[in-house]
Amino acid sequence: SVYRSRVFVGERYTLELLDNEELVPQTLEFSVTSAAPLVVPLVLERKWRDLRVNLRYKLGEGESEGYFSLPRGLTLRARHDGLGVVSTTSTKVEVHGLTA
């Protein structure tokens, strides 16, 4: 979004992005050096959430529940449904408290 406002030449300002659910709070100081239009770029950083994936082993007939080992190098990928892009990948898998 573009927000327009008036500021005074020769003055110093602080632009603050306040804490919220989606973005990391930031502060940017800038000075106005002329009467020309001023663009102040503020790079937004989204907050990350932890994700835990529980994998369940489907037992075959005659098998009993217990520990099993996953193949080494197993990669999990999270895809953003709306954008259709991979947002993160991970090869760290925890099984029954053990890291594979």
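Residues numbered from 1 in each chain as written. Predicted model: local features only at pLDDT ≥ 70, side-chain atom pairs only at ≥ 80, totals over all residues. Heavy atoms only, no water.

## What about the confidence of the model for the chain?
Quick note on the threshold: On a scale of 0 to 100, pLDDT captures the predictor's confidence in every residue. To qualify as a helix, a DSSP run of H or I must reach at least 4 residues; to qualify as a strand, a run of E must reach at least 2; elements of each kind are numbered from the N terminus.
Chain-level pLDDT for the chain is 80 on average; 79% of the residues reach the 70-or-more range. For the chain, the element scoring lowest by mean pLDDT is strand E6 (residues 98-99), at 52; strand E2 (residues 26-31) scores highest, at 95.

## Observations concerning the packing of aromatic side chains
The line we're drawing: Side-chain rings of Phe, Tyr and Trp (the six-membered ring for Trp) are treated as a pair once their centres are within 6.5 Å; stacked means planes under 30 degrees apart, edge-to-face means over 60, and tilted covers the remaining angles. The classification of residues rests on relative accessible area computed with a 1.4 Å probe and restricted to protein chains. Under 20% of the type maximum is buried, over 50% is exposed, and intermediate values are partly exposed.
Counting across every chain of the model gives one aromatic pair. Relative to Phe30, the ring of Tyr13 lies with its centre 5.7 Å away and its plane at 25°, an arrangement referred to as stacked. Remark: Phe30 occurs in strand E2 and Tyr13 occurs in strand E1 (residues 12-17); sequence separation between them is 17 residues. Exposure remark for Tyr13: the relative accessible area of 23% places this residue in the partly exposed category.

## A closer look at the pattern of salt bridges
Worth spelling out the cut-off: We define a salt bridge as a side-chain nitrogen of Lys or Arg found within 4 Å of a carboxyl oxygen belonging to Asp or Glu.
Under the definition given, this model contains three salt bridges. Arg12 is the salt-bridge partner of Glu29, the closest N and O atoms lying 3.1 Å from each other. A residue pair is termed long-range when its members are at least 10 positions apart, and Glu29 in strand E2 and Arg12 in strand E1 qualify at 17 residues. A salt bridge links Asp19 to Lys47, with the nearest nitrogen and oxygen atoms 2.8 Å apart. Of the two residues, Asp19 is situated in the loop between E1 and E2 and Lys47 in the loop between E2 and strand E3 (76-80); the sequence distance between them amounts to 28 residues.

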